[in-house]
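Residue-level structure breakdown
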Amino acid sequence: MQEKKAITVSEITKKFGTITAVDNVSFEVAEGEFFGFLGPNGAGKTTLIRMLTTLLKPTSGKAVVSCCDVAREPAAVRRAIGVVPQAMTSDLDLTGYENMDIYGRFYGIRSKERKERMRYLLDMVGLTARANDLVATYSGGMRRRLEIARVLVHKPKILFLDEPTIGLDPQSRRVVWGLLEKLMEDDSLTIFLTTHYMEEAEALCKRVAIIDAGKIIAIGSPDELKSQIPGNDIVSLSLAGFTESIVEKAESLPFVHRIVVEDDYIRAYVDSGAKNLPMLIDEVRSSGGTVLSATVHEQSLEDVFIHYTGKTIREEEAKKVSFLVGPGIPQKLGR
Amino acid sequence: MTRLFAVIERDLKKFKRNPVVLAMSILMPIIYLVILGNSFQGKLQALPVVFVDQDAGPSAKRFMENLRAVEAGPKTFSLLGSKDPKEAVEGVKKGIYKAAIIIPSDFSKRTFAKGRPEIGLFLDNTDGISSENIRNIVKSAVKATNTEYVAIRENPGEAIIRDIDLYSKVDYYQSLVPGVVIMAIFLGTLTTGAFNLVMDRFLGMDESYLLTPLSKSHIVGGLIISGLSITTLIAVFIFTVSMLITGIPLSRGLHQCASIFIIITLTTLCLLSLMFVILGRVGHPRIVGVLSGFLNVILFFPSGAVYPIASFPGWLKAFAKVNPEAYAVDALKAVLFKNAGLSVIAGDILFLFCFTALMMTLSILTFKRTL
Ligand SMILES: Nc1ncnc2c1ncn2[C@@H]1O[C@H](COP(=O)(O)OP(=O)(O)O)[C@@H](O)[C@H]1O
Ligand SMILES: [Mg+2]
C-alpha cells in the first residue's frame, strides 16, 4: 500500500498473570483514517490503547505509533499523540481554562501560541462561556468535551479516544459525535477510537475492528463487515409451539438465508425483512407454530458481532454492570 | 522549566481550593501543643484522696499535718475527711477517690510503744502514675512522723546542693515546641507531595499526565517543590504561634531565625522525599492512612521530642541514629534553647542533607512512568 501508516501493530499480546487481555493482535491504521475498535466490556480495548500510548509494556509483540516504537521511544510517541482515557481525568478543583493551560505547559508550548490554540479549541467544543468555571460544576458531557479539547492543544498527529461517550446521556453523546466528525475533516489527523456502542462505531468510523476476549474477530469498513453476514435484515420471532420442522420449513423460503435458534426466540437472516415478514409468519403458522411477537431491523455491527461470537454486545454489557464507568469513577475499577 | 512549574502550579492551585486541608494542617499541631502541654505537665495536681482518722492521737495529728503540708504546698492531692472506713474504700473502688488513708485507733499508742504502728493505704492502682505518687508521699509522711523533728538549718553537717542552670530555664511547655514543629512538618509532608500522587492514582488522574512528555523528575520534583512550599509555610506559622504561646525568647535575632528556617526547610524536604520512597507506588489513600499512624509513632517517639534519647535502650538508640526526625529535634533544641549557631548543628544539617539526597534519588529511581 502506498499511503503512510499512522499505527502499525504486529502480534501484540498483554497478559496480566493468567489473564490474556490482548491476544496476538495485528492491524494497521492509515494516516488520516478514523479507525475504531468495537467490543464488549473486558474485551481488551483499554489494555490495547494503553499499550499503544506507552502506559503499559506489551508482554510480546510490537507497535509503531507515528513512526516510533512504543517500547523503545515512548517519549517521542507521547509527543505525537493526544489521548483521552476512559476515565475522566480533568481536575475538578481547576477551571476548564486552567486544566487546558497546565496541560499545554506539560508539552512546553509557549504562552502566546498556547493561548491562541486554547481560544480556538474552547470555541470549537463550545466551552468558551464556561471556561473560567471549576470543572466540578460541569456536566459529564462538558467535561468530556473539555478533555477532548485539552489533548488537542499540542496539535497531535494521532488522537486516541477510549470509550469517549461512555456514561453520557444520548444528547451529550451526539454532541461529542458531532465534535469528532468535525475533527475528522482535518485530513492529517488520525483518530483511533474504542467503543462498545455499535451505533457509535457505525456512525463515525471508516474502518472498524471487532474485538472479543482480546482477539480481533473481524476487521473492515462497517459495510464490508455487514456484507459478511447473509441477508440484509434480521427478523426476530418469539414463538409458542416451537418445533424443529418450523425452522426447516422457514429456512426453505427463498428470502431466508439462515435461522438461528436462541433460548426464547429465533433469529432469521433475511432479504427485505419488512416486505417478507407476513410470508414468514404465515409459514410458521402453517407448520403449527404461533408467533407471539416479531421485530424487524436492518443489519448492524451488533449483528456482525452476534454472527461471529454467538452473543450480543449488550448481553456482555449487562453482565459486566455499567456502574463502573460514570464520570469521575476511579479508573482502577473501570479497568 | 515550564513543565516543572506547570506541575507545581497544578498542585498548589488544587491545594488552595481546599482550605479545609490547610486549616486542619495548622490547627492539629497547635491543639497538640496545647493538649500535650496541659495534660501531663510533669506533675500531678488535685488528686482526690479520702482519709479516716480513727485515732486522733498526737502521732496521727503529726502525720495528718505532714499530709496537709503537701495539700497546701505542691497540691498533689486534696484531702477529704470521712468517718466510715468502709465507705472510703468503696469510694476508691467506685473511682471517686484516687486513694483512701485509714489511721487505726491504736496508731498513736503503738507509735509510742514502738509496737509497729500501721496505716491503711488503699490505692486505685489502675492509675499507675497517681498511685505511685501518692504511695511515695504517704511513705515520707510516715517517716517524718517517726523521726524526731529537726530543722535543716540546725543541721550543720548537711551539704547543700545548689542547682546551676547552664541555659536559661526551659519549662515543660516550651520544651514541646521542637516536637510540635516536627509534628507539623510530618503532617504537612504526609498530606502533600507523594500523597497527591497516591490520590491521582486512586482517581485515575495520573493517566492524564503520564501520557504527556513530563519526565519522572518533572513529576516527582514538581510535587516535592509544591509540598515543600506548603509545608514550610505551615511549619513556620506553627513555629511562630507556639513561640508566642510558650514565650521562648529569640535572643539572637535574625541569625537564630535563619537557622530555624534552614532546619525547617531541610527537614521538610527530607520527609517529603522519604514519603515519596515509601508511598511512591501506593494506589489507595487508605494505605496512607494506615501508614501515617505507624510512621508517626516510629519517627516521632524515638526522636527525642518527648523523651531524651539518652534514656533509650540500645536498640532504640541505634534506630534514633538513622531517624531524620531525631536530628531535626536535636538541631531545633540546640538553636532554640542553647542559642547554638550553625556550626554547632552542622552535623545534624549534614545528616539531613545526605538523607534527603539519598531519598530523592531513590524516589526518582523507583517511580514508575507506566501504570
Ligand atoms: N491491571 C490489570 N490487572 C489485571 N487484569 C486486568 C488489568 N487491566 C485489565 N485487566 C483485565 O484484562 C481484560 C481486558 O480489560 P480492558 O482492557 O479494560 O477491557 P475493555 O477496555 O475492553 O473493557 C479484562 O478481563 C480485565 O479484567
Ligand atoms: Mg475499557
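As the structure is a prediction and not an experimental result, all values here were calculated from the model.

Okay, the site of ligand 1 next. All names here are of chain A. In the neighbourhood of ligand 1, 11 residues make up the surrounding shell, with G42, G44, K45, T46 and T47 lying closest. At 3.1 Å, a side-chain N or O of N41 approaches an oxygen atom of ligand 1. Within the side chain of T47, an N or O atom sits 2.5 Å from an oxygen atom of ligand 1. Here the shell around ligand 1 is built from residues that sort into 4 nonpolar, 5 polar and 2 charged.

This part covers the pairing of strand β1 (residues 47-53) of chain B. All names here are of chain B. In terms of burial, β1 is largely enclosed, as 5 of its 7 residues are buried. You can see the chain leave β1, run along helix α3 (residues 58-72) and come back into strand β2 (residues 77-81), and the turn it takes is right-handed. Of the pairings in the sheet, the one linking β1 to strand β3 (residues 99-103) comprises 5 bridges and is parallel in character. Counterpart to V50 in the pairing with β3 is A100.

Attention now goes to the sheet that holds strand β5 (residues 68-69) of chain A. Residue and element names in this part refer to chain A. With respect to topology, 4 strands assemble into an open sheet ordered β2-β1-β4-β5, the strand pairing being antiparallel. Taken across any chain shown, the strands that pair with only one partner, and hence form the sheet edges, are β2 (19-30) and β5. For strand β1 (residues 5-16) and β2, the ladder comprises 8 bridges, and the chain directions are antiparallel. Residue pairing in the sheet places I7 in a bridge with V29 of β2. Along the sheet face, helix α1 (residues 45-52) touches β1, β2 and β4 (60-65) and points at about 120° away from the line of β1.

Time to look at the environment of R173 of chain A. Residues and elements named next belong to chain A. Position of R173 among the secondary structure elements: in helix α6 (residues 170-184). The exposure class assigned to R173 is buried, which follows from its relative accessible area of 13%. In this structure the C-alpha to C-alpha distance between R173 and E248, which are 75 residues apart in sequence, comes to 43 Å. Not counting chain neighbours up to four residues away, the residues in contact with R173 comprise T165, L168, Y197 and E200.

So, about the side chain of K45 of chain A. All names here are of chain A. You can see K45 is positioned in helix α1. For K45, a relative accessible area of 4% translates into the label buried. Polar contacts involving the side chain of K45 include one to the main-chain carbonyl oxygen of G39, which spans 2.9 Å. Looking at K45, its side chain comes within polar contact range of the side chain of E163, at 3.3 Å.

Residues and elements named next belong to chain B. With 14 residues, helix α15 (residues 324-337) extends 20 Å from end C-alpha to end C-alpha; this agrees with the ideal 20 Å at 1.5 Å per step. Within α15, 12 of the 14 residues are buried, which leaves the element mostly enclosed by the surrounding structure. Restricting attention to buried positions, one finds in α15 the residues P324, E325, A326, Y327, A328, V329, A331, L332, A334, V335, L336 and F337. Between the side-chain oxygen at the start of α15 and the backbone nitrogen of E325 there is a gap of 3.0 Å, and the oxygen is on N323. Backbone geometry just downstream of α15 places N339 in the positive-phi region, at approximately 50°.

The next thing to look at is the domain arrangement of chain B. Structurally, chain B comprises domain 1 (14-40 + 172-366) and domain 2 (47-165). The C-alpha centroid of domain 2 of chain B is placed 47 Å from the C-alpha centroid of domain 1 of chain B.

Residue and element names in this part refer to chain A. Coordination of the magnesium ion (ligand 2) by the protein is provided by T46 (OG1) and Q86 (OE1), with metal-donor distances spanning 1.9 to 2.1 Å. With T46 in helix α1 and Q86 in the loop between β6 (81-84) and α3 (96-106), this pair connects stretches of sequence that are 40 residues apart. Relative accessible area serves as the criterion here: at 12%, T46 is assigned to the buried category.

Time to look at helix α9 (residues 194-203) of chain B. Buried residues of α9 of chain B: A194, N196, L197, V198, D200 and R201 of chain B, and no others. Just downstream of α9 of chain B lies G204 of chain B, where phi reads positive at about 75°.

This brings us to the pattern of salt bridges. Considering all chains together, one arrives at 26 salt bridges over all chains under this definition. R110 of chain B is the salt-bridge partner of D106 of chain B, the closest N and O atoms lying 3.0 Å from each other. A single network of salt bridges, built from pairs that share partners, joins E98, D101, R105 and R114 of chain A together with E9, K13 and R17 of chain B.

Residue and element names in this part refer to chain A. Locating V235 in the fold gives a position in strand β11 (residues 233-240). Sequence-wise, V235 and G32 are 203 residues apart; in three dimensions their C-alpha atoms are separated by 37 Å. Among all residues touching V235, those that are not within four sequence positions of it are I266, R267, A268, V270, G273, L277, L280, T295 and V296.

Now for the packing of helix α8 (residues 177-191) of chain B against α15 of chain B. All names here are of chain B. One can describe the packing of α8 onto α15 by two numbers: an axis separation of 9 Å at closest approach and a directional angle of 135°. Judged by the inter-axis angle, α8 sits oblique to α15. The element α8 and its partner α15 pack so that their crossing is right-handed. Residues V177, P178, V181, I182 and F186 of α8 form the contact with α15, whose participating residues are E325, A328, V329, L332, K333, L336 and F337. Grouping the amino acids of the contact of α8 with α15 by side-chain chemistry returns 10 nonpolar, no polar and 2 charged.

About the cut-offs
Residues numbered from 1 in each chain as written. Chains lettered and ligands numbered in written order. Predicted model: local features only at pLDDT ≥ 70, side-chain atom pairs only at ≥ 80, totals over all residues. Heavy atoms only, no water. Near = heavy atom within 4 Å. Polar contact = N/O pair within 3.5 Å; in protein donor to acceptor, adjacent residues only side chain to side chain. Nonpolar A, V, L, I, M, F, W, Y, C, P; charged D, E, K, R; others polar. Buried < 20%, exposed > 50% of the residue type's maximum accessible area, 1.4 Å probe, protein only. Helix = DSSP H or I, 4+ residues; strand = E, 2+ residues; numbered from the N terminus. Right-handed = clockwise from strand over helix to strand, strands pointing away. Pairing = 2+ DSSP bridges. Contact = heavy atoms within 4.5 Å. Axes fitted to C-alpha atoms, helices over the stretch in contact; angles between N-to-C directions. Expected span 1.5 Å × (residues − 1). Domains from an automatic or database assignment. Donors = N, O, S within 2.8 Å, 3.2 Å for Na, K, Ca; no water. Salt bridge = Lys/Arg side-chain N within 4 Å of Asp/Glu carboxyl O. Parallel < 35°, antiparallel > 145°, perpendicular 65-115°, else oblique. Left-handed = near helix turned anticlockwise from the far one by under 90°.

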